[in-house]
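Listed below are the residues making up each chain.
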Amino acid sequence: MKIGFISLGCSKNLVDSEKMMGMLKSGNHELVHNADEAEAIIINTCGFINSAKEEAIQTIFKMAEYKKHNCKRLIVVGCLAQRYKEEIVKEIPEVDAILGTNSYEDIVNAVHQSLEGKHYENFKTLEGLPTLHTKRSVTTGGHFAYLKIAEGCNKRCTYCIIPYIRGNYRSVPMEDLIEQAKELVAAGAKELILVAQETTLYGVDLYGEKSLHRLLDELNKIEDLFWIRIMYCYPEEIYEGLIDAMIRNKKVCHYLDIPIQHANDTILKRMGRRTSNADLVKIITHLRERIPDITLRTTLICGFPGETQEMHEELMQFINDMEFDRLGAFTYSPEEGTPAAEFTDQVDENLKKDWQADVMELQEEIIFDKNETMKGRELYVFIEGKVSDENAYVGRTYRDAPDVDGYIFINTDEELMT
């Protein structure tokens with residue numbers, strides 16, 4: 001059967017999609033890029049914030065139109081399906097099968113059941129992990145791949161819906177990760193990017209202690225692997241053993257993604273975060289002392305309920321003082337079912353956007369100054385592609401994670417790609 005597959009949302013969702021595509025290929029189904037050719041269309045949805053929900057719903061309705069032509073079955077999986085199963089079934093009858101976030105291993109069966117004319121649903125409890133018996137169908141171009149090391153989250157930040165649609169934190173056994181990593185590298189991946197809702201707690205549930213450092217030691221042994229990159233590190237969970245592993249394992253990029261969300265103590269407490277302004281300064285300072293060439297990325301939320309102009313200015317001062325190497329800022333999105341959505345002191349949407357613009361304008365100035373200090377340094381660069389009709393190439397250094405950070409542009413007459 002010809003199947004079209006659409007993956008929405010984050011890199012963690014993409015890993016699930018790649019696993020499902022691998023299972024479909026093993027089931028002798030053909031994946032096609034053109035929806036006009038597809039006899040079945042599968043959408044792996046995101047339901048994290050309002051804009052992601054809107055994109056997912058619009059995509060479902062758009063793909064439903066193809067059922068008037070060649071497409072026989074429409075299947076919805078993932079976060080939006082987990083969160084709004086009843087609404088999707090009731091409001092979008094074109095959907096033939098629907099799977100929750102912990103049920104994607106059932107995708108082949110869902111296709112077969114729906115082809116028999118049955119409406120099919122599978123929503124396993126948010127415990128344990130799906131089992132994978134086939135290789136992933138990697139979609140990132142081959143030279144880098146995401147390695148999802150855990151599922152779910154225990155933190156219960158007041159703005160976040162993830163624990164309710166993904167469950168509590170469950171680490172993937174280390175032997176499974178090493179096997180996956182070796183397969184990905186054998187298929188051509190030179191960079192593995194470790195992702196989870198929180199990578200720093202890896203292993204606590206399985207081994208009784210934080211074990212990300214042990215995983216890095218094992219991954220570092222894989223031949224033909226060049227870079228290992230760590231994303232989604234909660235600042236309060238960064239520990240000396242992890243820092244030591246980053247230093248001793250030469251394949252581990254001196255790069256950490258540390259989502260701090262804010263820097264005002266009142267807002268951090270209301271968010272359910274477990275750090276204070278002073279904690280963040282201490283952690284960031286310590287990382288830079290231990291690993292002087294480390295690149296630090298963070299994300300911030302602008303306009304959280306109760307935020308005032310003074311709190312925003314405190315955040316701006318913090319950004320100016322800390323000089324993050326990479327930074328992204330988002331306006332707060334109230335998500336139904338989360339405590340923060342019920343807070344009465346919501347911030348005006350226009351003010352949220354103004355504050356977000358302030359943050360990004362300041363960060364642009366910081367990045368400009370930091371880039372000036374990089375002049376004269378020599379760095380390895382992964383070539384991502386060539387600019388059409390120009391003698392220019394696009395690449396990334398260890399300081400740049402794909403899709404979220406910037407690129408290096410190289411002007412040369414030399415042939416850098418074969």
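Quick note: structure is the one above.
Residues numbered from 1 in each chain as written. Predicted model: local features only at pLDDT ≥ 70, side-chain atom pairs only at ≥ 80, totals over all residues. Heavy atoms only, no water.

Quick word on helix 7 (residues 174-186)
- Its 13 residues give helix 7 an end-to-end C-alpha distance of 18 Å, which sits within 8% of 18 Å, the value for a rise of 1.5 Å per residue.
- Of all the positions in helix 7, only Met-174, Leu-177, Ile-178, Gln-180, Ala-181, Leu-184 and Val-185 are classed as buried. Taken around the axis of helix 7, the buried residues stretch over an arc of 165 degrees, which confines them to a single face. Exposed positions of helix 7 whose direction lies more than 90 degrees from the buried face are Glu-175 and Ala-186.
- Of the surrounding secondary structure, the elements contacted by the buried residues of helix 7 are helix 1 (11-26), strand 7 (144-148), strand 10 (191-195), helix 8 (204-207) and helix 9 (212-219).
- One or two positions beyond helix 7, positive phi appears at Gly-188, with a value near 120 degrees. (Helix = DSSP H or I, 4+ residues; strand = E, 2+ residues; numbered from the N terminus. Expected span 1.5 Å × (residues − 1). Buried < 20%, exposed > 50% of the residue type's maximum accessible area, 1.4 Å probe, protein only. Arc of directions from axis to C-beta. Contact = heavy atoms within 4.5 Å.)

Focus on the sheet that holds strand 17 (residues 408-411)
- Spatially, 15-16-17 is the arrangement adopted by the three strands of the open sheet, whose pairing is antiparallel. The outermost strands of the open sheet, each flanked by one partner alone, are strand 15 (382-386) and strand 17. Taking each pair of neighbouring strands and ignoring which way they run, the sheet shows an average axis angle of 35 degrees.
- Of the pairings in the sheet, the one linking strand 16 (residues 392-396) to strand 17 comprises four bridges and is antiparallel in character. Its bridge partner lying in strand 17, Val-394 is registered against Phe-409. (Pairing = 2+ DSSP bridges. Axes fitted to C-alpha atoms, helices over the stretch in contact; angles between N-to-C directions.)

Focus: the sheet that holds strand 5 (residues 97-99)
- The sheet built from six strands is open, its strands ordered 2-1-3-4-5-6 with parallel pairing. Each of the sheet's edge strands pairs with one partner strand only, and the pair in question is strand 2 (30-32) and strand 6 (120-122). Adjacent strand axes in the sheet meet at a mean angle of 20 degrees when their direction is disregarded.
- The strands touched by helix 2 (residues 50-64) within the sheet are strand 1 (2-7), strand 3 (40-45) and strand 4 (73-78), with strand 3 carrying the most contacts at an inclination of about 175 degrees.
- Its contacts with the sheet place helix 5 (residues 107-115) against strand 1, strand 3, strand 4, strand 5 and strand 6, and it is angled at close to 150 degrees to strand 4.

Describing the packing of aromatic side chains
- Scanning the model with the defined rule gives ten aromatic pairs in all.
- Aromatic side chains Phe-226 and Phe-382 sit 5.7 Å apart centroid to centroid with 35 degrees between the ring planes, which places their arrangement in the tilted category. In this pair, Phe-226 sits in the loop between helix 9 and strand 11 (227-230) while Phe-382 sits in strand 15, placing the two residues 156 residues apart along the sequence.
- On the basis of relative accessible area, Phe-226 is assigned to the partly exposed category, the value being 32%.
- Through pairs of rings, three or more aromatic residues link up here, namely Tyr-159, Phe-304, Tyr-332 and Phe-343.
- Against the face of Tyr-255 rests Arg-229, its NZ or CZ located 4.6 Å from the ring centre.
- A cation sits over an aromatic face here: Lys-386 above Tyr-393, 5.7 Å from the ring centre. (Phe/Tyr/Trp six-rings, centres within 6.5 Å; stacked < 30°, edge-to-face > 60°. Lys NZ or Arg CZ within 6 Å of the ring centre and 35° of its normal.)

With respect to the pairing of strand 16
- In terms of burial, strand 16 is largely enclosed, as five of its five residues are buried.
- A two-sided burial pattern is seen for strand 16, the buried positions comprising Ala-392, Val-394 and Arg-396 on one face and Tyr-393 and Gly-395 on the other.
- In this sheet, strand 16 lies alongside strand 15 in antiparallel orientation, the contact comprising four bridges. Bridge pairing in strand 16 places Lys-386 opposite Tyr-393.
- Once strand 15 ends, the chain turns through five residues before running back antiparallel as strand 16, passing Asp-389 with a positive phi of about 65 degrees.

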